[in-house]
Each structure stands twice: as structure tokens, then as C-alpha cells.
Amino acid sequence: MKNIAIDGPAGAGKSTLAVNLARALDYRYVDTGAIYRTIAWHFSMCGIGPRDKDNIHRFLGDALIEVRYVDGAQRMLLNGRDVTDELRTPELSAFASAVSANGEVRSYLLQMQRTLARRHNCVMDGRDIGTVVLPRADLKLFVTASPEVRARRRLAELQARGQQAALGQVLTDIRARDEADSTRKIAPLRQAEDAILLDTSDMDAEGCLQAALALARERGL
Ligand code: DC
């Protein structure tokens, strides 16, 4: 199977690029952030804090996480219930970032991500796809943009979903999450040595897609 790994910080345009690239190449898009958000949702519903290692260990096995595709869109099931529409709040973003620092959680989800990549040609996005999950991916992109640009994009996304937020707060949250995701001990956010850097600060979605498609074509994807 052919795999494209896209990593980068929150709001850099990874998922827009990954969706568009997957569509253009007829690959499957795998959003690994949604998988981390689903496990975080499980612990949040059980009242377990992100640093409560003992209870995370005890209750991890109770979370049956499934990835489904409905009309090409990824849906997340937790113990048979579709939780997709509940995963995108600022609170859960911060909680998922904290839960994702737990090593046991990361190993629990690693096989699931690798299995998805073995079954389908896919564009997978996250934080450690090029470095840990798919070190032999056919193409690795590290997508970034300035924190201000990323905060503006995140705010627009939240507003489009009818959620209220202030730009200053979104920027503070994004900076805190970047810091947590890139300084954690296990599988921190970082650019793989063989990843290509794409700074999208001054690019629109179409420009990003064309740049990525050119790189994919160079590799025969
Ligand atoms: O991509 P996202 O914002 O939906 O991800 C939510 C959190 O999940 C992110 O702050 C860190 C964590 N995550 C991770 O640690 N590794 C991944 N491959 C994807 C997400």
C-alpha cells in the first residue's frame, strides 16, 4: 500500500491538505487526531484526568475504538457509539493533547494506525506519523504556518461550527498545545529527517494541494 504522512502543529492546514490530497489521489484520509480525541473523550466521560496513569491503565482496555468511513468521511465510534460530532471542542483539544502524552495510550493506538495504513492507500495526518507511525511512508510532509495564521484559521473553523471564541484565547491555546505536543517525552511533534517542509502561512488550500501533488507525482504516487 502507498502511504503519505503529514505532520505539523494545530491549525497548520494539515487536515485540509490531507483531505484534498486523498481525494485527488483516490486514497483514504486517516485523521489520527480524531483517534486521540476519541480516547480522550472516553477518559473525560469516565472522569479520569490526563495524568492519572493508574486509572488510564485500568480503563484503557474498556475503550473499543473503531474508524468507519461513511460517504468517504471518517467517523469515530467509541464502544459502538458515533462520537465524531463531539470531538472538536477547545476543551477536548487541550484534554486530548494532555492524554496523548501517555505512553500506554500511544502504544494502544499505534497498531490501529499501522493496520489502517496496511489495508489502504492513505494520507494520514497527525504529529508523529512520519517519525513513528509510518517511518517508511512514500512521502512525508511537515506542514506548518505562523502561530497567528494558525490561530485565525482555527477561529474561522470554530465559528463555522457555531462555536464562540476570541482570537487571543485561540492563539494562547494553540501556543500551549504546540508546546505540550512538541516537548512531551514520547513521540513528540517534530519534523522527520526525510520530511519536506511546507510553510502554508502565505498559501491557500489550492496552492498547498498543487505543491503536495507535485511532490507525490515525483514519487510516482
Ligand atoms: O490533530 P488534532 O488537533 O485533532 O489532535 C489532537 C491532539 O492529539 C493533539 O494536540 C496531539 C494529539 N495527537 C498526537 O499526539 N499524535 C497524533 N498522531 C495526532 C494527534
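Here goes a summary of the coordinates provided.

Conventions adopted
Every chain's residues receive numbers from 1 upward, in the order its sequence appears when written. Reporting in this predicted model follows two pLDDT cut-offs: at least 70 for local features of residues, and 80 or more for side-chain atom pairs to be given and counted; totals over whole chains, interfaces and linings ignore these cut-offs and use all residues. Calculation of side-chain values draws on the structure's entire complement of heavy atoms; hydrogens and water are dropped beforehand. By the criteria applied, helices consist of DSSP H or I runs no shorter than four residues and strands consist of E runs no shorter than two, each listed in order from the N terminus. Here the globule rule is a power law, 2.2 Å times the number of residues to the power 0.38, and the radius of gyration is based on C-alpha atoms. Accessible area is worked out with a 1.4 Å probe on protein chains only. A residue is then buried under 20% of its type maximum, exposed over 50%, and partly exposed in between. Throughout, a residue-residue contact means that at least one pair of heavy atoms, one from each residue, lies within 4.5 Å. Per-residue and other accessible areas follow the Shrake-Rupley method at a 1.4 Å probe size, with only the shown protein chains counted as cover for residues. None of His or the chain ends enter the tally, which takes Lys and Arg as positive and Asp and Glu as negative. Lys charges are placed at NZ, Arg charges at CZ, Asp charges at CG and Glu charges at CD. By this rule the span expected of a helix is its residue count minus one, scaled by 1.5 Å. Arc definition: directions from the helix axis to the C-beta atoms. Proximity criterion: a residue is near a molecule or strand once any of its heavy atoms comes within 4 Å of it. Here a polar contact is taken to be a pair of N or O atoms separated by no more than 3.5 Å, where protein atoms must pair a possible hydrogen donor with a possible acceptor and residues adjacent in sequence count only if both atoms sit in side chains. All amino acids are sorted into three groups, where Ala, Val, Leu, Ile, Met, Phe, Trp, Tyr, Cys and Pro are nonpolar, Asp, Glu, Lys and Arg are charged, and the leftover types, Gly among them, are polar. Pairing between two strands requires that DSSP report at least two bridges joining them. The convention used is that axes are lines fitted to C-alpha atoms, helices contributing only their stretch in contact, and that angles between N-to-C directions extend from 0 to 180 degrees.

**Quick look at the overall build of the protein**
Secondary structure assignment for the protein yields nine helices and eight strands. Expected size for 221 residues packed as a compact globule is a radius of gyration near 17 Å; at 17 Å, the protein falls within 12% of this value. When the backbone C-alpha atoms are referred to their principal axes, the protein occupies close to 45 × 40 × 35 Å. Taking all 221 residues of the protein together, 49% fall into the buried category. Summarising the internal contacts of the protein: among those between residues at least 6 apart in sequence, 74% fall at separations of at least 24. Element-wise, carbon and sulfur atoms account for 50% of the exposed surface of the protein, whose accessible area totals about 10800 Å². Looking at charge distribution, the protein has the averaged site of its 31 positive side-chain charges lying 3 Å from that of its 29 negative ones.

**A word on helix 8 (residues 167–183)**
With 17 residues, helix 8 extends 24 Å between its outermost C-alpha atoms, agreeing within 8% with the 24 Å of an ideal straight helix rising 1.5 Å per residue. For helix 8, the full list of buried residues reads Val 170, Leu 171, Ile 174, Arg 177, Asp 178 and Asp 181. Projected down its long axis, helix 8 carries its buried residues within an arc of 130°, all on one side. Those residues of helix 8 hidden inside the fold are in contact with helix 2 (32–45), helix 4 (90–99) and helix 7 (147–160).

**So, unusual backbone geometry**
The general pattern is negative phi for most residues beyond glycine and trans for most peptide bonds. Backbone geometry places Asp 26, a non-glycine residue, at a positive phi of 60°. When you line up the elements, Asp 26 lands in the loop between helix 1 (14–25) and strand 2 (28–31). Accessibility expressed as a relative area gives 68% for Asp 26, which makes it exposed. A positive phi angle, close to 45°, is found at Ala 187, a residue other than glycine.

**Quick word on the site of the ligand**
In the neighbourhood of the ligand, 15 residues make up the surrounding shell, with Arg 37, Arg 106, Arg 177, Asp 181 and Arg 184 lying closest. Within the side chain of Thr 32, a nitrogen or oxygen atom sits 3.0 Å from a nitrogen atom of the ligand. Between Asp 181 and the ligand, the recorded distance is 2.8 Å, taken from a side-chain N or O atom to an oxygen atom. In the complex, 97% of the free accessible area of the ligand, which totals 440 Å², lies under the protein chains. Elements with a minimum of two residues in the shell around the ligand: helix 2 and helix 8. A total of four residues in the shell around the ligand trace back to one element, the largest contributor, which is helix 2. Counted by class, the shell around the ligand contains two nonpolar, five polar and eight charged residues.

**Things to note about the environment of Asn 121**
For Asn 121, the location among the structural elements is in the loop between helix 5 (103–119) and strand 6 (122–126). Along the primary structure Asn 121 and Asp 26 are separated by 95 residues, whereas in three dimensions their C-alpha atoms are 8.3 Å apart. A polar atom in the side chain of Asn 121 sits 2.7 Å from the backbone nitrogen of Lys 2.

**Quick notes on the sheet that holds strand 1 (residues 3–7)**
If you walk across this open sheet you meet the five strands as 2-6-1-7-8, and the pairing is parallel. Each edge of the open sheet is held by one strand with a lone partner, namely strand 2 and strand 8 (196–199). Across the sheet, the axes of successive neighbouring strands diverge by a mean angle of 20°, strand direction being ignored. Summarising the sheet, strand 7 (residues 139–144) and strand 8 pair through four bridges and their orientation is parallel. When the bridges of strand 8 are listed, Val 143 appears paired with Leu 198. Strands strand 2 and strand 6 of the sheet are contacted by helix 2, whose axis makes an angle of about 40° with strand 2.

**Thoughts on the side chain of Thr 131**
Assignment of secondary structure puts Thr 131 in helix 6 (residues 129–133). At a separation of 3.4 Å, a polar atom in the side chain of Thr 131 contacts the main-chain carbonyl oxygen of Asp 128. The residues touching Thr 131, leaving out its near neighbours within four places in the chain, are Asp 7, Arg 190, Gln 191 and Ala 192.

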